[in-house]
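Architecture at a glance
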Amino acid sequence: MAEKNYPIYATQGGGTVREIGGRFIFIEAPPNIPSLGIGDEMPSEWGIVAINKAARQSLEEEFY
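Presented here is an overview of the structure given in this document. Bear in mind that the values here come from a model prediction, so they are computed numbers and not experimental data.

**Some words on the side chain of Asn 52**
Take Asn 52: it is sitting in the loop between β4 (48-50) and α1 (53-63). We classify Asn 52 as buried; its relative accessible area is 6%. Engagement of the side chain of Asn 52 in a polar contact is seen with the backbone nitrogen of Ile 8, the distance being 3.2 Å.

**Remarks on the pairing of strand β2 (residues 16-20)**
In terms of strand pairing, strand β1 (residues 9-11) meets β2 through two bridges, oriented antiparallel. Counted as the bridge partner of Ala 10 is Thr 16 from β2. Two successive antiparallel strands, β1 and β2, enclose a turn made up of four residues, where Gly 14 displays a positive phi of approximately 105°. Pairing of β2 with strand β3 (residues 23-28), which is carried by five bridges, proceeds in the antiparallel orientation. By the bridge assignment for β3, Arg 18 is matched with Ile 25. Counting the residues that bridge the hairpin from β2 to β3 gives two residues, and of these Gly 21 lies at a positive phi of roughly 60°.

About the cut-offs
Residues numbered from 1 in each chain as written. Predicted model: local features only at pLDDT ≥ 70, side-chain atom pairs only at ≥ 80, totals over all residues. Heavy atoms only, no water. Helix = DSSP H or I, 4+ residues; strand = E, 2+ residues; numbered from the N terminus. Buried < 20%, exposed > 50% of the residue type's maximum accessible area, 1.4 Å probe, protein only. Polar contact = N/O pair within 3.5 Å; in protein donor to acceptor, adjacent residues only side chain to side chain. Pairing = 2+ DSSP bridges.

Here you go:
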C-alpha cells in the first residue's frame, strides 16, 4: 500500500484519524466502540501518535 501524503494518526482508543478543518476525524473506526465510526470526530480527551511521515513532519512544524 502506498503511503498517504497527508498526516495520519493512531488514536489512544484505537482506529486512525486525520485532521480536517481543525478536528480529528476517523478514517478507520476504533474497534469495539460501536458509537464511533468512519467520519466521526475523535473524542477530545484522546491522545494521538503520528504513524506516517507526513504526520511526523506536521508535528515537528507545529512544535519547533
